[in-house]
Amino acid sequence: MYSRQFTPFIVGFVFLVSSSFALSNTEFTWHMYDESQVTLTGCEGHCPTNLAIPEEINTFNVRAIGEWAFNSSQLQNVIIPNSVEVIISEGFSGNQLTDITIPDSVVSIGGGAFANNQLISVLFKGSRPAMYMPFINNPNLQSIYYCPETEGWPGDPINQITPELDEGCGTP
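Residues numbered from 1 in each chain as written. Predicted model: local features only at pLDDT ≥ 70, side-chain atom pairs only at ≥ 80, totals over all residues. Heavy atoms only, no water.

## A few points about the overall build of the protein chain
Going by this rule: To qualify as a helix, a DSSP run of H or I must reach at least 4 residues; to qualify as a strand, a run of E must reach at least 2; elements of each kind are numbered from the N terminus. Per-residue accessibility, obtained with a 1.4 Å probe over protein chains only, is compared with the maximum for each type, and a residue is labelled buried under 20%, exposed over 50%, and partly exposed between these values. We call two residues in contact whenever any of their non-hydrogen atoms come within 4.5 Å of each other. Each accessible area value is a Shrake-Rupley result obtained with a 1.4 Å probe; residue values ignore everything except the protein chains displayed when judging cover.
From N to C terminus, the protein chain includes 1 helix and 14 strands. Relative to its 172 residues, the protein chain shows a buried fraction of 40%. Taking all contacts inside the protein chain whose residues are at least 6 apart in sequence as the whole, residues at least 24 apart take part in 29%. Taken as a whole, the protein chain presents about 9400 Å² of accessible surface, with 52% of it coming from carbon and sulfur.

## Observations regarding the pairing of strand E3 (residues 37–43)
The condition that has to hold: Two strands form a pair only when DSSP identifies at least two bridges running between them.
Counting buried positions along E3 yields 6 of 7 residues, so the element is predominantly enclosed. With 5 bridges connecting them, strand E2 (residues 28–32) and E3 associate as antiparallel partners. Across the sheet, Thr29 pairs through a bridge with Gly42, a residue of E3. Remark: 4 residues form the turn of the hairpin made by E2 and E3, two consecutive strands paired antiparallel.

## Remarks on the environment of Val122
Looking at where Val122 falls in the secondary structure, it is placed in strand E11 (residues 121–124). With 24 residues separating them in the primary sequence, Val122 and Thr98 have C-alpha atoms 8.7 Å apart. Here Val122 is in contact with Ile100, Ile102, Phe135, Leu141, Ser143, Ile144 and Tyr145, once residues within four sequence places are set aside.

## So, the nonpolar core
The criterion, for reference: Buried Ala, Val, Leu, Ile, Met, Phe, Trp, Tyr and Cys residues form a nonpolar core when they are joined through side-chain atoms within 4.5 Å.
By size, the foremost hydrophobic cluster in this structure holds 37 residues, and its most contacted members are Phe70, Ile87, Phe92 and Phe114. Secondary-structure elements contributing two or more residues to this core are E2, E3, strand E6 (60–65), strand E9 (99–102), E11 and strand E13 (143–146).

## A closer look at the pattern of salt bridges
As a reminder, the rule being used: Throughout this description, the term salt bridge denotes a Lys or Arg side-chain nitrogen within 4 Å of a carboxyl oxygen of Asp or Glu.
All chains considered together, the criterion is met by 1 salt bridge. For Glu85, the salt bridge goes to Arg63, with nearest N and O atoms at 3.3 Å. Residue Glu85 is located in the loop between strand E7 (77–79) and strand E8 (86–87), and its partner Arg63 is located in strand E6; the two are separated by 22 residues in the primary sequence. Since its relative accessible area comes to 27%, Glu85 is described here as partly exposed.

## A few points about the side chain of Ser105
Stated formally: Whenever a nitrogen or oxygen atom comes within 3.5 Å of another N or O atom, the pair is scored as a polar contact, on the condition that within protein one atom can donate a hydrogen and the other can accept it, and that pairs from neighbouring residues in sequence are kept only if both atoms are in side chains.
The topology assignment puts Ser105 in the loop between E9 and strand E10 (108–109). Residue Ser105 is classed as buried on the basis of its relative accessible area, which comes to 15%. A distance of 2.5 Å separates a polar side-chain atom of Ser105 from the backbone oxygen of Val84. Residues in contact with Ser105, not counting those within four places in the same chain, are Pro81, Asn82, Ser83, Val84 and Glu85.

Here it is as structure tokens:
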């Protein structure tokens with residue numbers, strides 16, 4: 001029988017071990033970003049072609065999309081929730097995405113995050129995030145839009161495309 005003095009150690013050890021490995025919830029794998037947020041690392045098995053990322057997993061906010069998380073997952077459509085602040089390098093690379101909406105919560109997009117897709121257009125709902133070549137190797141990319149009353153736009157061209165104001169902010 002264990003003593004009460006070892007209880008904090010055992011609980012701490014279980015938390016450390018469980019947060020060090022990619023855990024799964026429904027169809028996603030993830031790891032702890034900090035004590036209240038997670039980074040998604042992919043799908044358990046195959047991802048659906050139309051992927052809706054949840055705002056929370058097991059009461060933890062989904063804060064980041066991990067490096068290579070959904071690389072070559074055959075995605076055709078993805079909905080990124082407002083809880084996501086960071087999309088790490090190659091997070092959605094190598095799919096068949098044709099358009100993407102970046103929520104206003106995103107503050108950083110890593111290199112090649114959406115590389116090698118079939119992108120035609122991108123809509124940024126918020127202020128211009130810090131980013132480094134997130135849309136490389138998307139030869140069909142024609143339009144990059146941003147919403148009114150956001151900061152940092154139009155700024156420098158992205159993929160040699162000058163971002164344009166979308167007065168309706170994505171509404172048809």
